[in-house]
Amino acid sequence: MSWLEPEPFLRGTAWRDGDRPVRADPADLERLPWDIARRAELPVGVRLEFTAAPGTRAVRLRYRAALPAPGDPLRALRHGFALWQGTRCLTEVFAEPAEEGTVRVPLPPGGGTFTLHLPEGQAPVVRGLRGVGGALSPAPRRPRWLVHGDSITEGWWATRPAHSWPAVAGRLLGLDPVNLGYAGGARGELPLAEQLARLPGDLITLAFGTNCWAAVPCSAPLLYETTRAFLALVRRGHPDTPLLLLSPVLRPAAEHTGNALGATLAELRAAMETAVRDLAAAGDRRLAVLPGRDLLTPAHLADGLHPDDEGHAVLGAAVARALREKGFVPRGAVTRSGRGGP
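Residues numbered from 1 in each chain as written. Predicted model: local features only at pLDDT ≥ 70, side-chain atom pairs only at ≥ 80, totals over all residues. Heavy atoms only, no water.

Some points on the overall build of the protein
Scanning the protein from terminus to terminus reveals 7 helices and 16 strands. Compactness check: the protein gives a C-alpha radius of gyration of 20 Å against a globular reference of 20 Å for 342 residues, within 12% of the reference. Its C-alpha atoms give the protein principal-axis dimensions of roughly 60 × 50 × 40 Å. Burial analysis of the protein (342 residues in total) assigns 56% to the buried set. Considering only contacts within the protein whose residues lie at least 6 apart along the sequence, 78% involve residues at least 24 apart. Just so you have it, the protein exposes about 14,100 Å², and 54% of that area is on carbon and sulfur atoms. One way to put it: in the protein the 40 positive side-chain charges average out to a point 7 Å from where the 35 negative ones average out. (Helix = DSSP H or I, 4+ residues; strand = E, 2+ residues; numbered from the N terminus. Rg over C-alpha atoms; globule rule 2.2 N^0.38 Å. Buried < 20%, exposed > 50% of the residue type's maximum accessible area, 1.4 Å probe, protein only. Contact = heavy atoms within 4.5 Å. Areas by Shrake-Rupley, 256 points an atom, 1.4 Å probe, with all protein chains shown as cover. Lys, Arg positive; Asp, Glu negative; His and termini not counted. Charge placed at Lys NZ, Arg CZ, Asp CG, Glu CD.)

Put into structure tokens, the structure is as follows:
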């Protein structure tokens, strides 16, 4: 059986740079900070979704990936592939690191629709896929959810790509999450708002602000105006798209400690939430805020900032619940009950 082209099977994609999925517009990188441009090279959240005919025993994948230089401690990191069906992880397969490789992932009998999560750190590019013992076809498209944020959205400290909170919420809501989280970034960069405005999407969530406490310090008035400006630019391309802003989650060391401009994270969070409520009161009826402060406890934080797997599961379930309650889940989504996670 010949190799199938991967493009119809790929999900979670934003832009393409040649055959590479990337997470920032390659024609508009010069206006972005260098750290965001670098993080955007990683295909975070990109995965394959396919339907296997009954009798298909496995899916075989051909791919290329980056191989760290000799002596790099990441050189020995194996390439992990996780097969999911609905909210259940069925199996994981690990391949030895190589610039060109193939991997065989077994499928359960009876066929069905599956998601195959790819390794992210090695920036893999899928070259082709095929079924073993049966046919594969692309899974039906689901509503596209643009999720912009920082390292928490990108999935830091989640042990697997499938455990990040956007992946958790996407499974619960039957959405196609496009992960636009940038570790160290998401500081209200207005060129990113313009890129979001140009990117097709049925639902948008913004989850930034914690890096405005220290990485690039903001005052509360500055972040209030930045939030309004960011939303105004996004609305130029998505005037009626449901949009939820998740304000910063708990960060104990920053809650009541002033940054270089004297602002605590509590004050910055309040400024963002007020900006959203003011715009909603002025007539934006498809805009809402989910206060992040009380969604997690210190026990959910792996390092005092980033959630662990349990924290990501809790956060994903909270976002899914808020989107349902606001009536923001697009038509065509197949929602599931549960709290998400493995």
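Things to note about the pairing of strand β15 (residues 243–246)
Side chains L243 and L245 of β15 all project onto a buried face; the interleaved residues L244 and L246 project onto the opposite face, where all are buried too. Two strands pair when backbone bridges link them, and strand β14 (residues 203–207) and β15 are joined in this way by 3 bridges, in the parallel orientation. Paired with L206 across the two strands is L245, which belongs to β15. Once the chain exits β14 it traverses helix α5 (residues 220–237) before rejoining the sheet at β15, and the crossover so formed is right-handed. Taken together, the 4 bridges between β15 and strand β16 (residues 287–290) define a ladder with parallel strand orientation. Of the residues in β16, the one forming a bridge with L246 is L290. Note on the crossover from β15 through helix α6 (residues 265–281) to β16: the handedness is right-handed. (Pairing = 2+ DSSP bridges. Right-handed = clockwise from strand over helix to strand, strands pointing away.)

Notes on the environment of A167
Tracing the sequence through the fold places A167 in helix α3 (residues 165–173). Residue classification places A167 among the buried residues on the basis of a relative accessible area of 10%. Separated by 111 residues in sequence, A167 and T56 have C-alpha atoms that sit 26 Å apart. Ignoring anything within four residues of it in the chain, the contact list for A167 reads P161 and A162.

Structural notes on the state of the cysteines
Counting across every chain of the model gives 0 disulfides. No disulfide involves C218; its nearest neighbouring cysteine sulfur is the one of C212, lying 4.2 Å away. Since its relative accessible area comes to 6%, C218 is described here as buried. (Disulfide = S-S within 2.5 Å.)

Re unusual backbone geometry
In this model, W157 sits at a positive phi of 75 degrees, which is unusual for a non-glycine residue. Its location among the elements puts W157 in the loop between α2 (151–154) and α3. Given a relative accessible area of 47%, W157 falls into the partly exposed group. Here A186, not a glycine, exhibits a phi torsion of approximately 55 degrees, which is positive. Looking at the secondary structure, you find A186 in the loop between β13 (176–181) and α4 (190–198). A relative accessible area of 0% means that A186 is categorised as buried.

Points about the environment of L67
Secondary-structure assignment places L67 in the loop between β5 (58–64) and β6 (79–85). It is 6.2 Å that separates the C-alpha atoms of L67 and A98, two residues lying 31 residues apart in sequence. Excluding residues that lie within four positions of it along the chain, L67 makes contacts with R75, P97, A98 and E99.

Considering the sheet that holds strand β8 (residues 100–106)
Across the sheet, 3 strands lie side by side as β8-β5-β10; this open sheet has antiparallel pairing. The open sheet has two free edges, formed respectively by β8 and β10 (125–132), since each of these has just one partner strand. Averaged over all pairs of adjacent strands, the angle between strand axes in this sheet comes to 20 degrees, irrespective of strand direction. Where β5 meets β8, 7 bridges bridge the pair, whose relative direction is antiparallel. If you follow R60 over to β8, its bridge partner there is R104. (Axes fitted to C-alpha atoms, helices over the stretch in contact; angles between N-to-C directions.)

Some remarks on the packing of aromatic side chains
Using the criterion set out here, one finds 4 aromatic pairs in the structure. When the ring of F208 is compared with that of F230, the centres are 5.2 Å apart and the planes differ by 45 degrees; the resulting orientation is tilted. Linking F208 in the loop between β14 and α5 with F230 in helix α5, this pair joins segments that are 22 residues apart in sequence. Overall, F208 belongs to the buried group, its relative accessible area being 1%. (Phe/Tyr/Trp six-rings, centres within 6.5 Å; stacked < 30°, edge-to-face > 60°.)

Some words on the sheet that holds β16
Spatially, 5 strands are ordered β13-β12-β14-β15-β16 in an open sheet, and the strand pairing comes out parallel. In this open sheet, the two strands that pair with only one neighbour each are β13 and β16. This sheet shows a mean twist of 20 degrees between the axes of neighbouring strands, independent of strand direction. Contacts from α5 reach β12 (144–149), β14, β15 and β16, with the element oriented near 155 degrees to β15. Contacts between α6 and the sheet are confined to β15 and β16, with β16 contributing the most and set at about 155 degrees to the helix.

Read these as geometric descriptors, not functional statements.
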